[in-house]
Amino acid sequence: MSWTEKYRPKRFSDVKGQDEAIAKIKIFLDNFPRTKAVILHGPPGTGKTSLVYVLARETNSEIFELNASDLRNRDKLREILKPAMEQKSLFKEKKLILVDEVDGITASDWGGLPELLALILQTHYPVIITANDIWKKELAALRKKSDMIQLKEISYKTIKEILFGILKKENLVLEDKNLTKIAINAKGDLRAALNDLQAEAGIKSEMIEIAERNKEVDIFNALRMVFKGKPQEETMRIFDSVNMPIDEIILWIEENIPAEYQGEELARAFELLSRTDIFKKRIYRQQYWRFLVYENFFLSYGISSAKKNIKTGFTSYKKPNRILKIWLNNQKNEKKKSIAGKYASFVHIGEKRAMNEFPVIKNILRNPEIQKELKLSEEEIEFVERG
Ligand SMILES: Nc1ncnc2c1ncn2[C@@H]1O[C@H](COP(=O)(O)OP(=O)(O)OP(=O)(O)O)[C@@H](O)[C@H]1O
Ligand SMILES: [Mg+2]
């Protein structure tokens, strides 16, 4: 779904940068039928069509739309307009008659113009016309009979704010300078800005997906080697080439042991895994980083040698979804805590307050000099910069 559709304004407050036009169209409606028609004019992508739909929604009206081909033929137009020309009391609902993009109609299609002008004289419903260029000579007669409301180009700042809000809703981040670039390039046209943003975000999320997929190919291959292959020197190093923290690898192994091992093998593999866990605790508690080597060794060579014979055939390994999510979340929280802790002691505030104000602090910590000052680790820097 295109973002211009998805984020089409629904209420007056969603139509940005057009407060004056909104106020004027409300007045036009309040005063109807003093003036029967209004022309909303202004550059593309500034909210003309959107404003009409919002107006209909907010006033509980139905939109009766006339298009170019309706306007081509006088008799046909009269036919179409009949219900709209009828006595208002026959209809319960309110109606707005919309003639969208009137300046897009070519001269030969203007056979219905006199009928449109007649409609404006007799209509029981407000007529709203939109146009980019109202100074075409064909429109002179229409101009005389209508109020005019101008929609302005939307400032790049407003555009940027809107884009930012949408990214947030989409759970995406884009570098500030790219956002600014898109906003400026749009030259006041919000539709263009939204399309550019969606294209840019599309490329980005695809890249993230590919990276994720590569990561999984790596781990699947490594699992295959450990579970199926003969334990050998190579096996010991297999997880070095998998771009994944060792704790996450443990989850993958744990999830997939039962898919490959049975009986005694199964028991031995889980026994080894629990020993890995003991090492892990020692490592964390006592900061014995050299134990990491053992942890890695048990996970690769150890688990591999838990089987009696090498295995053949294809096994489809599973992603450890539920536990992985919990683990990733804890992991994130740990990092957040340690960063907040460093910041808190540096600026002399409580750790709890630093946690609460983390979104703000995170922005401050994007500054490389502050990162240095707080001695953030590489992983912590990555964490604050990832957004
Ligand atoms: N002022 C605005 N506030 C919020 N969103 C807007 C605004 N203007 C345009 N948009 C976004 O751009 C899309 C296109 O806007 P819209 O169709 O109203 O433009 P328009 O002025 O009618 O353009 P055109 O002259 O090309 O018909 C909308 O769906 C909406 O997502
Ligand atoms: Mg439009």
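Placed above this text is the structure.
These numbers come from a predicted model, not from an experiment.

Thoughts on the overall build of the protein
Looking only at helices and strands, one finds 19 helices and five strands in the protein. Within the protein, the fraction of its 387 residues that count as buried is 40%. Put simply, 75% of the contacts in the protein that link residues at least 6 apart link residues at least 24 apart. Summing over all exposed atoms, the protein offers an accessible surface of approximately 22600 Å²; the carbon and sulfur share of this is 52%.

Observations regarding the site of ligand 1
With respect to spatial proximity, 21 residues lie near ligand 1, and among them Thr-4, Gly-45, Lys-48, Thr-49 and Ser-50 are the closest. Thr-46 is positioned such that a nitrogen or oxygen atom in its backbone is 3.1 Å from an oxygen atom of ligand 1. About the coverage of ligand 1: the protein hides 95% of its 620 Å² of free accessible area. Elements supplying a minimum of two residues to the shell around ligand 1: helix 3 (48–58) and helix 10 (190–228). For the shell around ligand 1, the residue count by class is seven nonpolar, eight polar and six charged. Domain assignment of the residues forming the shell around ligand 1 places at least three in each of domain 1 (3–152) and domain 2 (157–208).

A closer look at helix 15 (residues 321–347)
Two residues of an α-helix separated by three or four positions point the same way, owing to the 3.6 residues in each turn. The end-to-end C-alpha distance of helix 15 is 39 Å, a good match for the 39 Å that 27 residues give at a rise of 1.5 Å each. Taken as a whole, helix 15 has its buried residues at Leu-324, Trp-327, Ile-339, Ala-340, Gly-341, Tyr-343 and Ala-344. Among the structural elements, helix 12 (246–260), helix 16 (351–356), helix 17 (358–364) and helix 19 (378–385) are those in contact with the buried residues of helix 15. Two residues or fewer past helix 15, His-348 is found with a positive phi of approximately 60°.

Here we look at unusual backbone geometry
Excluding glycine, most residues fall at negative phi; most peptide bonds, likewise, are trans. Backbone torsion omega between Phe-32 and Pro-33 reads 10°, so that peptide bond is classified as cis. Checked against the element boundaries, Pro-33 lands in the loop between helix 2 (19–31) and strand 1 (37–41). Phi is positive for His-348, which is not a glycine, with a value near 60°. Mapped onto the elements, His-348 comes out in the loop between helix 15 and helix 16. Judged by relative accessible area, which is 71%, His-348 ranks as exposed.

Overview of the nonpolar core
Counting residues in hydrophobic clusters, the biggest one holds 27 residues, and the most contacted among them are Ile-219, Phe-227, Phe-239, Ile-253, Ile-257, Leu-299 and Ile-303. Looking at this core, the elements that each hand over two or more residues are helix 10, helix 12, helix 13 (263–286) and helix 14 (291–304). Sort the elements by how many residues they give to this core and helix 12 lands first, with six residues. The contact partners of Ile-303, leaving out residues within four places of it in the chain, are Val-226, Phe-227, Ile-253, Ile-257, Tyr-261, Ala-269, Leu-272, Leu-273 and Phe-298. Listed in part, the 24 residues of the second largest apolar core include Leu-81, Val-99, Leu-116 and Val-127.

A short note on the sheet that holds strand 3 (residues 94–99)
Spatially, 2-3-4-1-5 is the arrangement adopted by the five strands of the open sheet, whose pairing is parallel. A strand with exactly one partner marks an edge of an open sheet, and here the two such strands are strand 2 (61–66) and strand 5 (146–150). Between one strand axis and the next, the sheet turns through 25° on average, direction left out of account. Sheet topology places strand 1 next to strand 4 (residues 127–131); five bridges connect them, and they run parallel. Counterpart to Ile-39 in the pairing with strand 4 is Ile-129. The strands touched by helix 2 are strand 1, strand 3, strand 4 and strand 5; relative to strand 5, the strand with the most contacts, the crossing angle is about 160°. Of the strands in this sheet, strand 1, strand 2, strand 3 and strand 4 are in contact with helix 6 (residues 113–122), which crosses strand 4 at around 135°.

Focus: the packing of aromatic side chains
Counted by the stated rule, this structure contains eight aromatic pairs. Each ring, one from Phe-220 and one from Trp-252, has its centre 5.5 Å from the other, and the planes form 85°; the classification is edge-to-face. You can see Phe-220 sitting in helix 10 and its partner Trp-252 sitting in helix 12, a full 32 residues away along the chain. Accessibility expressed as a relative area gives 1% for Trp-252, which makes it buried. Each member of the aromatic cluster is reached from another via a ring pair, and the members are Phe-227, Tyr-261 and Tyr-317.

Digging into the pairing of strand 1
Counting buried residues in strand 1 gives five out of five residues, a clear majority hidden from the surface. Burial along strand 1 is two-sided: Ala-37, Ile-39 and His-41 facing one way and Val-38 and Leu-40 facing the other are all buried. Judged from the five bridges that link them, strand 1 and strand 5 form a sheet pairing that is parallel. Across the sheet, the residue bridging to Leu-40 is Ile-149, located in strand 5.

Quick notes on the rules
- Residues numbered from 1 in each chain as written.
- Chains lettered and ligands numbered in written order.
- Predicted model: local features only at pLDDT ≥ 70, side-chain atom pairs only at ≥ 80, totals over all residues.
- Heavy atoms only, no water.
- Helix = DSSP H or I, 4+ residues; strand = E, 2+ residues; numbered from the N terminus.
- Buried < 20%, exposed > 50% of the residue type's maximum accessible area, 1.4 Å probe, protein only.
- Contact = heavy atoms within 4.5 Å.
- Areas by Shrake-Rupley, 256 points an atom, 1.4 Å probe, with all protein chains shown as cover.
- Near = heavy atom within 4 Å.
- Polar contact = N/O pair within 3.5 Å; in protein donor to acceptor, adjacent residues only side chain to side chain.
- Nonpolar A, V, L, I, M, F, W, Y, C, P; charged D, E, K, R; others polar.
- Domains from an automatic or database assignment.
- Expected span 1.5 Å × (residues − 1).
- Core = buried A, V, L, I, M, F, W, Y, C linked by side-chain atoms within 4.5 Å.
- Pairing = 2+ DSSP bridges.
- Axes fitted to C-alpha atoms, helices over the stretch in contact; angles between N-to-C directions.
- Phe/Tyr/Trp six-rings, centres within 6.5 Å; stacked < 30°, edge-to-face > 60°.

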